[in-house]
Amino acid sequence: MSFALETAANPENLRRVAIDPVSRVEGHGKVTILLDDNNKVHQVRLHIVEFRGFEKFIQGRPYWEVPVMVQRLCGICPVSHHLAASKALDAIIGAKHLTPTAEKMRRLMHYGQILQSHALHFFHLCSPDLLFGFDSDIAKRNIVGVAEKHPEIAKQGILLRKFGQEVIRLTAGKRIHGTGAVPGGVNKSLSIAERDELLKDIYQMVTWARGAVHLVKEMHHQNPELYNSFGAFRANFMSLVGFDGGLDLYHGQLRARDESGNILFEGVDYRNYTQIIEEEVKNWSYMKFPYLKSMGKEKGWYRVGPLSRIQNCDFISTPLAEIERRDFIEYSGVMPMHAPLGYHWARMIEMLHATEMIKDLLHYNDIMGSDLMVTGERGFEGVGVIEAPRGTLIHHYRVDENDLVTMCNLIVSTTHNNQAMNEAVRRVAQQYLHGHEVTEGLLNHIEVAVRAFDPCLSCATHALGKMPLQVEVLDAAGQQLSSLSRSSEGTVSTPLSAP
Amino acid sequence: MSQNNKTPHNKNQATFILDGKTIPFTEGQTIIQAAMASGEYIPHLCFNPEFKPHGSCKICTVTANGRQAASCTQQTQADMVVESNTKPINDERRALLQMLFVEGNHFCPSCEKSGDCQLQATAYELNMMSPHFDHFSPDRPLDSSHAEYLLDYNRCILCSLCARASSDVDGKNVFSLAGRGIKTHLIVNAKSGKLADTDFTGDDKAAHVCPVGVIIKKRVGFAVPIGKRSFDEHPISATPHPKVRDV
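Quantities reported herein were computed from a predicted structural model and do not represent experimental measurements.

**Q** Just checking my understanding: could you explain the overall build of chain B for this structure?
**A** The helix and strand tally for chain B stands at four helices and nine strands. Compactness check: chain B gives a C-alpha radius of gyration of 18 Å against a globular reference of 18 Å for 247 residues, within 12% of the reference. In terms of overall dimensions, chain B has a C-alpha envelope of 55 × 40 × 40 Å along the principal axes. Sorting the 247 residues of chain B into buried and exposed places 51% on the buried side. Across chain B, contacts joining residues at least 24 apart in sequence account for 66% of those joining residues at least 6 apart. Total accessible area computed for chain B in this model is approximately 12,000 Å², and 49% of it derives from carbon and sulfur atoms.

Pasting the structure below:
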């Protein structure tokens, strides 16, 4: 099926404008826009142009390698993949309940990840747009420009991220691509010195994170017209929530709401995700389009990530973040906030929550314990779900009796948001480009909409063997000699044979 | 490049010169054995002081009185002048390492032996920054048939230590190198070609000598955290072989 502005009726007579690559996002993607002679928009697509293959080459590898191997999907939130895989493989080795030390160390690692990723996204990638304006001087619209004009904000952003990375280093062994989580638990706990090193700075981090929430909240209050309407569209939303209904980014059960905030389902055991989520493949993107099975392809697409999580949970367990969540909900009114720029506000509330959680965890002696791993009855299939910085992350594995992986399915946060991001860029194209001469500033509006979701395009292109492909062989003059096509069903055809 | 476990020097003992240093030796010692006994590091992979030298990897090549020789098989002579840690020799060693890396499938980022692997540590020691050559990317399926051990042939560097341990210590002949030249490969002694069909056990010496990540005890994985692995704190040149004192 096709959505409005997804596919132009007569593309052959239209002018093509491409934003390639989309900048200040993780990974490589592009936006293409088809315009007629009057600059009216007929087609807008966010394309993911990377092509990887983790789901395939993980097959045949021993299961205990998986948490370390799959985190190479990403250099920004490897911890999320590391932990989601570890959670899935806990089931393979029969670890039903982790030790208190393992559970808290994994959570500490995860909240360190949330902190550093959210800080990176807001301060380094997006604050230039928000502080200077979407069509401001491109030469200044970057983190260096922020450092010159707003040095205190830039400094806090850099140090918040650095602190998050230090939490990761001390829990996983390295700032990027560590090995802390293993099936059944963790391989290390904190020493007293390591705990004290983090405690020394955590209170400052909480203060700065709170300041970041206030900064973005003020932006909403100062310019509600822009912030409430830019690229806005209504959508269902989904996330994990804790078993008590509170915000829990590490573990819980699936809950989804419709665009009015009514609960579609809740209390769903994430191991049954295949019963509620289906993925559609389209021939113009390497990224799949998930949707809620019960609502079908047209109505069932949904949004994940901070904007969903903050509005999906009933409360936040840490006091400062809970105050901010209530402010957010009050500002939104009766209906949930759907505006993409609301992501930034929600993201900063989560960052504040992450700092509070880190502070709380550091006060448990369990994080310095020595009981690190458990095992139990061997299993052969495991599903691990975590709320990664960008949204719900699903890892699913099957392992044979000789300990080798036979099946791997990953649904990453950015993939869940595929249709939502396409909707956002189409709305922005209609709002700002339609009928206007295209300028760099106007095109940056499109990128601002994409950036709001904090997409990780590297993570989102992990599949192999399921994507439609077309290979063309051209001679030196550009004439097609042969071509090979594979449909989304896997059927291979050769429409034109070599002469 | 020196290691920390030197043996005392008897003034009447015969000596040779290694990179300008006077090194004592006893009759019958090879250059690398004498160097190790004095705490001097010569890069090596197929040599292990517990086993008869094999002389196959050539990483330990030195010049002895001006002629190239494998220091693991070349016996030391009095007043011999040996050069090891020189740019030309280290350049050749680096090229050998690069060939080993591209002939197999060595994915250090997800290998559980990372930090404990002699191939990786030697590559760091010799400042190998890239594989340089085109990867062969061979298709080498894992053998996961054994209940407790796994063979990942992708990482084999044909050092034959497992074969020597199995025959010389275990008396079993579980492992052997088959084929010739570039087609040389590790095999196990079973009609099925599967480790489960051999008499290999985890108590065998062969289970514990692999310098890379071919013979892997199952379900251990990344249990040792970063910072506690063999080569995390010190480079291989400053990490004495655990059995070096027995030489």
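**Q** Explanation requested: the interface of chain B and chain A in the structure shown.
**A** Accessible area lost upon the coming together of the parts serves often as the stated size of an interface. Each partner contributes residues to the interface: chain B has 19 residues there, and chain A has 21 residues. Of the roughly 1,600 Å² buried where chain B meets chain A, counting both sides, 62% is carbon and sulfur surface. Counting every contact that joins chain B to chain A gives four salt bridges. In this structure, B:Arg155 engages A:Glu65 in a salt bridge whose closest nitrogen and oxygen atoms are separated by 2.8 Å. The interface formed by chain B and chain A holds eight residue pairs in polar contact (both at pLDDT 80 or more) in total. Here the side of chain B that touches chain A is composed, by residue class, of nine nonpolar, five polar and five charged.

**Q** What exactly am I supposed to notice about the pattern of salt bridges here?
**A** Pairs may arise between side chains of opposite charge once their charged atoms sit close together. If you walk through the whole model with that rule in mind, you get 49 salt bridges over all chains. Across the pair A:Lys293 and A:Glu278 runs a salt bridge, and its minimum N-O distance is 3.8 Å. Of this pair, A:Lys293 sits in the loop between β10 (289–292) and α9 (296–299) while A:Glu278 sits in strand β9 (residues 277–280), and the two are 15 residues apart along the sequence. Judged by its relative accessible area of 37%, A:Lys293 falls in the partly exposed class. The shortest N-O distance in the salt bridge between A:Arg378 and A:Asp403 comes to 2.6 Å. Taken together, the residues A:Arg378 in the loop between α12 (342–362) and β12 (381–388) and A:Asp403 in the loop between β13 (391–399) and β14 (405–411) connect sequence positions 25 residues apart. We classify A:Arg378 as partly exposed; its relative accessible area is 27%. Through salt bridges with shared partners, one network takes in A:Arg378, A:Asp403, B:Glu148, B:Lys217, B:Lys218 and B:Arg219.

**Q** I tried to follow the confidence of the model for chain B on my own but got confused; where do I start?
**A** Parts of the prediction with low pLDDT should not have their coordinates interpreted in detail. Scored by pLDDT, chain B comes out at a mean of 93, with 93% of its residues at no less than 70. In this model residues 243–247 of chain B is a low-confidence stretch, pLDDT under 50, and it forms seven contacts with partners more than four residues away in sequence or in other chains.

**Q** What is the right way to read the domain arrangement of chain A from this model?
**A** Partitioning chain A into structural domains gives domain 1 (54–424) and domain 2 (468–499). Each of domain 1 of chain A and domain 2 of chain A has a C-alpha centre, and these two points are 40 Å apart.

**Q** Just checking my understanding: could you explain the sheet that holds strand β3 (residues 61–64) of chain B for this structure?
**A** Across a sheet, paired strands are connected by hydrogen bonds in the backbone, their directions being either parallel or antiparallel. Residues and elements named next belong to chain B. Taken in spatial order, the five strands make up an open sheet running β2-β1-β5-β3-β4, and their pairing is mixed. Each having just a single partner strand, β2 (21–24) and β4 (67–70) make up the two edges of the open sheet. For this sheet, the mean inter-axis angle between neighbouring strands, taken without regard to orientation, is 35°. Looking at chain direction, strand β1 (residues 15–18) and β2 are connected through four bridges and run antiparallel. Looking at β2, one finds that Leu18 is bridged to Lys21. This element, helix α2 (residues 87–103), spans β3, β4 and β5 (81–83) of the sheet and lies at about 150° to β3.

Rules behind the numbers
- Residues numbered from 1 in each chain as written.
- Chains lettered and ligands numbered in written order.
- Predicted model: local features only at pLDDT ≥ 70, side-chain atom pairs only at ≥ 80, totals over all residues.
- Heavy atoms only, no water.
- Helix = DSSP H or I, 4+ residues; strand = E, 2+ residues; numbered from the N terminus.
- Rg over C-alpha atoms; globule rule 2.2 N^0.38 Å.
- Buried < 20%, exposed > 50% of the residue type's maximum accessible area, 1.4 Å probe, protein only.
- Contact = heavy atoms within 4.5 Å.
- Areas by Shrake-Rupley, 256 points an atom, 1.4 Å probe, with all protein chains shown as cover.
- Buried area = accessible area lost by both parts, 1.4 Å probe.
- Salt bridge = Lys/Arg side-chain N within 4 Å of Asp/Glu carboxyl O.
- Polar contact = N/O pair within 3.5 Å; in protein donor to acceptor, adjacent residues only side chain to side chain.
- Nonpolar A, V, L, I, M, F, W, Y, C, P; charged D, E, K, R; others polar.
- pLDDT = per-residue confidence, 0-100.
- Domains from an automatic or database assignment.
- Pairing = 2+ DSSP bridges.
- Axes fitted to C-alpha atoms, helices over the stretch in contact; angles between N-to-C directions.

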